[in-house]
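Structural overview
If you want the building blocks of each chain, they are given just below.
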Amino acid sequence: MKNTLFLAVVACMLLTSCEDVLVKTLELEDFEFEKQLAISGALISTDDEFALLISQNQAITDPFDQWEPAVEATAVLYSGDTEIGRPVLSENNPEGLNNLFLLDLENIELEPGNYRLEVDHPTLGTAVAESEIPEDIQIDNIEFVEDFGIAPNFLSRSDAILVTFTDPPEDNYYSLKIESDSIISDTFFYGMDTLVYEYEPFLGVDSGEPGAQMIQDGILFTDDFFNGQEHMITLYLAGLEFEEAPEKIIESLHVTWDVISRDKFEFDSSLQLYDNSQGFGPFTEPVTIFNNIEGGVGIFSGLNRSFYPIP
Amino acid sequence: MKTPRLLLLLGLMFILNNLSYSQETFTISGYIEDAGSSEALISANVFESNSKLGTVSNIYGFYSITLPQDSVYLSFSYIGYESDIIGIYLDKDVTLDVKLNSTATLRQVEIVATNAVKIEEESQMSRIEVPIAQIKKIPALLGEVDVMKALQLLPGVQSGGEGQSGLYVRGGSPDQNLILLDGVPVYNANHLFGFFSVFNADAIKDVKLTKGGYPARYGGRLSSVLEINMKEGNKQEFHGSGAIGIISSKLSLEGPIIKDKASFIVSGRRTYIDVLARPIIKASLAANGSEGNIGYFFYDLNAKVNYKISDKDKLYLSAYTGDDKFFVDFTESFEGNTDRVVTELGWGNFTSALRWNHLWTNKLFSNLSATYTNYNFGTLLGSEFNATIDGMQETENFSVSYDSGIRDYAARLDFDYLPSPNHFVRFGGLIMQHRFNPGIFNLQSELSVFGGEPITIDTTFGQVLVDAIEFNTFIEDDFKITPTLKVNAGVHFSGFSLEDQSYTSVQPRLSVRQLLPGNVALKASFATMRQYTQFLTNENIGLPWDQWLPTTKQVKPQDSWQAAIGFAKTLDEGYEVSLEAYYKEMDNLISYAEGASFFSIEPWENLVTQGEGRSYGAELFIQKKNGRFTGWLGYTLSWSDRRFDDKNFGEWYSFKFDRRHDLSLVGIYELSEKINFAATWVYGTGNAVTFAESRIPLLRQNGFGDYVSTVDIFKSRNNFRQEAFHRLDVNVDFIKQKKRHKRIWSVGAYNAYSRKNPFFLQLEEDFVENGDGTIGVETVLKQYSLFPIIPSVSYRFEF
């Protein structure tokens with residue numbers, strides 16, 4: 001009896017286990033998801049047009065082919081309490097992206113100060129965001145130094161551009177980029193044939209600036225380490241050695257200097273972390289994308305931009 | 001200032017308390033041991049019935065009780081043992097060694113003595129001892145008896161997830177548990193990515209978990225202290241036990257070296273899936289023109305010897321080593337050329353302790369320990385390519401290895417001083433030298449083409465080794481102020497010193513027990529703790545290469561304080577009931593910053609962020625300790641949150657293991673002397689996980705102008721709750737006493753009703769048929785489970 005019982009228990013267990021494999025899947029119903037306006041746009045002091053994306057968020061489980069504008073939305077931009085204008089949906093924009101809401105700023109001077117954006121939608125409600133265009137902070141000096149030293153991340157000897165400025169005493173946020181205009185090159189001098197072509201060089205900008213975050217062609221940083229002081233930033237041109245015409249590239253370079261709102265800094269930082277973490281899956285801490293839209297999701301920000309040539 | 005005042009108050013109470021015992025007194029002291037094996041019995045109860053005074057034995061079995069001159073009747077009792085009552089006329093100091101008989105030798109069904117230390121008698125709260133005999137009967141995954149998983153069935157203690165052996169105690173993380181094996185810290189308690197713990201139950205004598213109300217002798221971790229003591233080895237006769245299971249086998253041998261003076265125990269365990277699968281893997285590789293091997297195994301080896309030098313001196317030497325190894329090594333050959341790929345992944349602990357007990361007087365006992373512990377993780381990726389092309393030799397050899405770990409040397413001196421039955425004073429100190437290896441890479445390469453001179457690279461890079469000194473000193477007294485009021489008060493002082501930074505901390509500890517009418521104990525406790533070593537892991541997945549790292553100038557030590565209050569009572573039917581509520585706050589918790597991962601090459605200090613945590617809740621524990629049916633019910637209602645300045649917009653969010661409800665039912669039924677039945681059922685609120693619930697388009701800029709990209713967003717971290725977790729495990733032991741040995745067949749099932757418990761979630765695209773007959777794609781959220789019903793059979797023997 002005992003042996004029979006024993007064998008019966010073993011047999012039942014083995015048979016039951018054979019019905020399953022080690023990994024089972026289970027479909028879940030869609031979880032609670034709130035439809036909201038999705039807004040993104042930045043007021044740039046030098047631009048003659050304010051481009052605003054107004055759409056809506058989509059459940060992660062919804063099929064996604066391409067984004068759609070919230071065509072029924074209306075938007076109003078205020079400077080302080082004064083209405084500046086109403087961005088209008090441009091479904092066909094020959095000079096840029098389609099389906100953005102555009103506001104012509106050719107006759108409007110975007111002064112430093114506070115701005116407010118209000119977006120209304122008949123079903124998605126009202127979304128409001130506030131930001132600022134910071135005061136301009138001039139660069140005092142820009143210097144190009146050949147073979148300056150070892151780029152800290154690329155670990156190669158590199159040329160560098162030294163940018164000096166004086167940080168005002170309040171909290172400030174910056175973006176500094178070295179960008180290049182397109183270069184037209186004749187390969188007669190540099191290659192085996194005489195093809196003439198236009199290209200954007202790979203600069204490989206690098207920096208050891210404490211607390212700075214590397215972004216494409218530059219860095220994003222705060223004044224935490226030098227608040228209210230004169231400060232010099234070193235940007236290494238670490239990728240230049242791989243290019244075929246470094247002197248031409250250097251001629252094409254300019255500094256793009258943005259004094260950015262805190263919202264812009266927080267958003268760009270989180271977006272950069274998000275981009276960097278893609279692909280690591282469960283091995284990476286998830287990144288919270290910064291949001292300053294009340295009643296919606298996204299970012300409305302401002303920045304004071306200047307361009308400087310490389311001497 | 002508060003701490004000196006507290007010490008002054010304690011000292012005053014100590015003096016006043018002793019004055020009341022100023023008549024002539026004598027001391028009875030000795031060791032309490034198992035009659036069969038002479039193993040020391042830890043926390044055995046000693047009670048004098050006339051004076052109603054008592055004490056308990058320490059972890060070496062030593063006890064001391066000082067009583068007035070008179071006839072005394074001492075009762076000695078211990079969990080799972082027959083009590084012994086000895087009457088003597090006390091007119092001088094007496095040395096009295098006591099040997100208790102295990103009930104197992106008398107009657108199989110009796111697990112716990114009825115007159116062991118009662119829960120309401122202790123000032124200590126938030127501490128649970130689970131008899132190892134009970135742990136061995138609890139159903140286990142694949143039949144592998146697992147101490148850590150048994151502890152997960154206690155209130156206030158949670159598992160991380162399906163099959164995982166990590167302990168989450170009162171909202172803390174696994175690194176906040178101080179796991180001591182014979183007093184030596186064990187840094188990695190897991191085998192096989194956490195599915196099994198490193199502790200071999202056959203080599204263990206005693207398991208004790210303290211999750212709050214810490215006495216001053218404990219320190220160094222925020223959430224719990226888990227003390228595991230190895231057996232000493234039978235001093236009377238040679239014995240052995242073993243098991244043959246589905247994934248591993250184990251064997252333990254113990255016996256006297258010199259009868260009644262010295263003994264040993266050796267216990268080993270090894271998995272053998274690598275050995276069993278080797279022929280299949282070799283054949284499979286050979287079929288593809290390759291040769292080599294792929295496999296995984298782990299092993300443990302525990303050993304201990306002890307020697308009684310004299311009645312006043314004992315020496316213990318114990319060691320543990322255990323490793324996990326995963327390896328791939330195969331070679332492809334074609335036309336005389338060979339291509340070999342090697343991958344190795346290994347991690348393991350080595351701990352050892354040399355301890356010397358000395359009895360200075362019949363009231364003063366000391367233990368001096370010298371300990372060593374080492375945890376190392378290493379991996380190797382390599383390839384070798386050798387070819388002859390157009391008569392010329394071409395070689396490409398490449399390997400990269402990575403090592404990280406922690407190594408400690410420590411010395412510890414503890415004293416137990418028992419001046420009167422109303423006082424149990426402990427004091428002592430520890431000094432520990434840590435060496436942290438946060439990760440070093442070694443890259444080797446040799447390239448030789450067209451028969452030329454080889455180009456070689458051999459370079460080492462990584463993070464610098466960090467040396468640190470940690471020390472602590474403590475004093476505590478467990479004293480009875482009145483017959484109903486008992487207090488354990490003390491102070492723990494600790495420090496941590498690096499090359500360029502030092503930290504110190506004063507941590508007051510207090511536990512109070514007031515007996516209420518009806519023998520209900522009201523208990524309350526307060527304790528602060530500090531932790532200087534940090535475990536850097538990611539909340540999503542714990543891996544053996546997660547690192548133990550030091551407090552530094554930049555990374556501050558973790559602190560916590562915890563207050564608890566509760567009731568405890570032993571009911572007539574042998575049921576113990578306790579209800580406790582607790583509140584805990586934690587500071588400087590360490591975590592990977594958003595977006596950071598192990599794969600980042602930045603210095604580790606730049607990858608982490610520090611924040612705060614809080615947890616609170618209530619725990620109900622009803623335990624039946626004797627009779628044919630034993631077991632417990634544990635229920636926890638809890639909340640646990642985290643906040644980091646640079647995570648989740650600086651807002652509080654639920655800890656991943658925030659578990660509103662956690663219920664465990666454990667039942668062991670002795671059907672007869674030949675059949676035991678055991679079952680456990682667990683239920684837990686699902687883990688909080690971060691899951692993007694929506695995606696949005698964003699207008700972005702690069703050097704070419706504007707563009708739109710989409711990002712997946714979530715409103716807050718850990719915004720999504722996995723489904724609730726529940727599972728039934730069952731086990732039946734068939735026991736037969738043979739002529740020379742006892743054999744036990746264990747048949748069990750893990751997850752008996754094959755509940756699809758959540759392991760992880762993933763978005764996937766499924767093909768669906770549209771209404772018009774075309775095939776479309778649908779995005780669905782899928783929940784993956786890990787274990788369906790897993791049957792197990794194992795064979796155990798004891799001789």
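Residues numbered from 1 in each chain as written. Chains lettered and ligands numbered in written order. Predicted model: local features only at pLDDT ≥ 70, side-chain atom pairs only at ≥ 80, totals over all residues.

**Focus on the overall build of chain B**
Here is the rule: Numbered from the N terminus, helices here are DSSP runs of H or I no shorter than four residues, and strands are runs of E no shorter than two. Just to be clear, the radius of gyration here is over C-alpha atoms, and the globule rule we use is 2.2 Å times residues to the power 0.38. Each residue is classified by how many other C-beta atoms fall within 10 Å of its C-beta atom, where C-beta atoms are placed from the backbone; a count of 20 or more means buried, 12 or fewer means exposed, and values in between mean partly exposed. Whether two residues are in contact depends on their C-beta atoms, placed from the backbone: they are in contact if these lie within 7 Å.
Of the regular secondary structure elements, chain B holds 5 helices and 49 strands. On C-alpha atoms alone, chain B measures out to a radius of gyration of 29 Å, which is about the 28 Å that the 2.2 N^0.38 rule sets for 799 residues. Overall size of chain B, expressed as C-alpha extent along the three principal axes, is 100 × 65 × 65 Å. For chain B, the residues scored as buried account for 45% of the 799 residues in total. Look at the contacts in chain B between residues 6 or more apart in sequence, and 65% of them connect residues 24 or more apart.

**Focus: the sheet that holds strand β2 (residues 45-48) of chain B**
All names here are of chain B. Applied cut-off: Only strands that DSSP links by at least two bridges are regarded as paired with each other. Fitted lines through C-alpha atoms serve as axes, helices being fitted only where they are in contact, and the angles separating the N-to-C directions of these axes extend from 0 to 180 degrees.
Strand order in the open sheet formed by 4 strands is β3-β2-β5-β6, and the pairing between neighbours is antiparallel. Two strands in the sheet have a free side with no partner beyond their single neighbour: β3 (53-56) and β6 (84-90). When the angles between neighbouring strand axes are averaged without regard to direction, this sheet yields 20°. Relative to β3, β2 runs antiparallel, the two sharing 4 bridges. Looking at β3, one finds that glutamate 48 is bridged to leucine 53.

**Some points on the environment of Ala151(A)**
Assignment of secondary structure puts Ala151(A) in the loop between β11 (139-150) and β12 (157-166). In this structure, the C-alpha to C-alpha distance between Ala151(A) and Leu237(A), residues 86 residues apart in sequence, is 8.1 Å.

**A word on the confidence of the model for chain B**
Residue and element names in this part refer to chain B. Applied cut-off: Along the chain, pLDDT gives the predictor's confidence residue by residue, from 0 to 100.
On average, residues of chain B score 86 in pLDDT, and 93% of them reach the 70 mark or higher. Taken together, the stretch residues 105-115 has pLDDT below 50 and engages in 32 contacts with residues farther than four places along the chain or on a different chain. Model confidence for the complex: the whole-complex pTM is 0.83, and ipTM, which rates the interface, is 0.86.

**Overview of the environment of Glu251(A)**
All names here are of chain A. With respect to the helices and strands, glutamate 251 occurs in helix α3 (residues 246-252). Taking the number of C-beta atoms within 10 Å as the measure of exposure, glutamate 251 has 13 and is therefore partly exposed. Sequence separation between glutamate 251 and alanine 51 is 200 residues, and the spatial gap between their C-alpha atoms is 31 Å.

**Some words on the domain arrangement of chain B**
All names here are of chain B. How we decide: What fixes the domain bounds is an automatic or database domain assignment.
The domain architecture assigned to chain B consists of domain 1 (2-117) and domain 2 (127-687 + 722-798). Summarising the inter-unit geometry, the C-alpha centres of domain 1 and domain 2 are found 33 Å apart. Residue-level contacts link 38 residues of domain 1 with 39 residues of domain 2. Listed by contribution, the elements that provide at least two residues to the side of domain 1 that touches domain 2 are α1 (2-19), β1 (25-34), β3 and β4 (62-68).

**Section: the sheet that holds strand β5 (residues 74-79) of chain A**
All names here are of chain A. Strand order in the open sheet formed by 4 strands is β6-β5-β9-β10, with antiparallel pairing between adjacent strands. Every other strand in the sheet has two partners, leaving β6 (82-85) and β10 (125-133) as the edge strands with one partner each. The mean inter-strand angle of the sheet, taken between neighbouring strand axes irrespective of direction, is 30°. In this sheet, strand β9 (residues 113-121) lies alongside β5 in antiparallel orientation, the contact comprising 6 bridges. In the sheet register, alanine 75 faces β9, and the bridge partner there is valine 119.

**Some details on the pairing of strand β20 (residues 253-260) of chain A**
All names here are of chain A. Bridge analysis of strand β13 (residues 173-180) against β20 gives 8 bridges, and the strand direction is antiparallel. The residue of β20 that forms the bridge with tyrosine 173 is isoleucine 260. Pairing between β20 and strand β21 (residues 296-309): 7 bridges, direction antiparallel. Paired with valine 255 across the bridge in β21 is tyrosine 308.

**Describing the environment of Gly80(A)**
Residues and elements named next belong to chain A. Position of glycine 80 among the secondary structure elements: in the loop between β5 and β6. Here the alpha-carbon distance between glycine 80 and tyrosine 115, two residues 35 residues apart in the chain, equals 5.7 Å. Not counting chain neighbours up to four residues away, the residues in contact with glycine 80 comprise Gly113 and Asn114.

**Some points on the confidence of the model for chain A**
Taken as a whole, chain A shows an average pLDDT of 83; of its residues, 80% reach a score of 70 or greater. Counting interchain partners and residues more than four positions distant, the pLDDT-below-50 stretch residues 14-22 of chain A has 11 contacts.

**Looking at helix α4 (residues 273-287) of chain B**
Residue and element names in this part refer to chain B. Put simply, the rule reads: Expected span, for any helix, means 1.5 Å times one less than how many residues it has. Bend at a given residue is defined as the angle between two axes, one fitted to the seven residues that end at that position and one fitted to the seven that begin there.
The end-to-end C-alpha separation of α4 is 21 Å, in line with the 21 Å expected for 15 residues at 1.5 Å each. Largest kink in α4: about 35°, centred on proline 279. In the stretch just after α4, glycine 289 is the one whose phi turns positive, near 75°.

**Thoughts on the nonpolar core**
Threshold: Joining buried Ala, Val, Leu, Ile, Met, Phe, Trp, Tyr and Cys residues through C-beta atoms within 7 Å gives a set, and that set is a nonpolar core.
Residues Ile135(B), Val147(B), Leu151(B), Ile204(B) and Ile228(B) are the most contacted members of the largest nonpolar core, which totals 66 residues. Excluding residues within four positions of it along the chain, Ile228(B) makes contact with Val147(B), Leu180(B), Leu181(B), Phe199(B), Ile204(B) and Val207(B).

**As for the pairing of strand β18 (residues 239-244) of chain B**
Residue and element names in this part refer to chain B. In this sheet, strand β19 (residues 248-258) lies alongside β18 in antiparallel orientation, the contact comprising 6 bridges. Considered in β19, the bridge of histidine 239 is made with glutamate 254. If you look at the hairpin formed by β18 and β19, you'll find 3 residues sitting between the two strands. Bridge count for β18 against strand β49 (residues 790-798) is 4 bridges, and the pairing is antiparallel. Note that in β49 the partner of glycine 242 across the bridge is phenylalanine 797.

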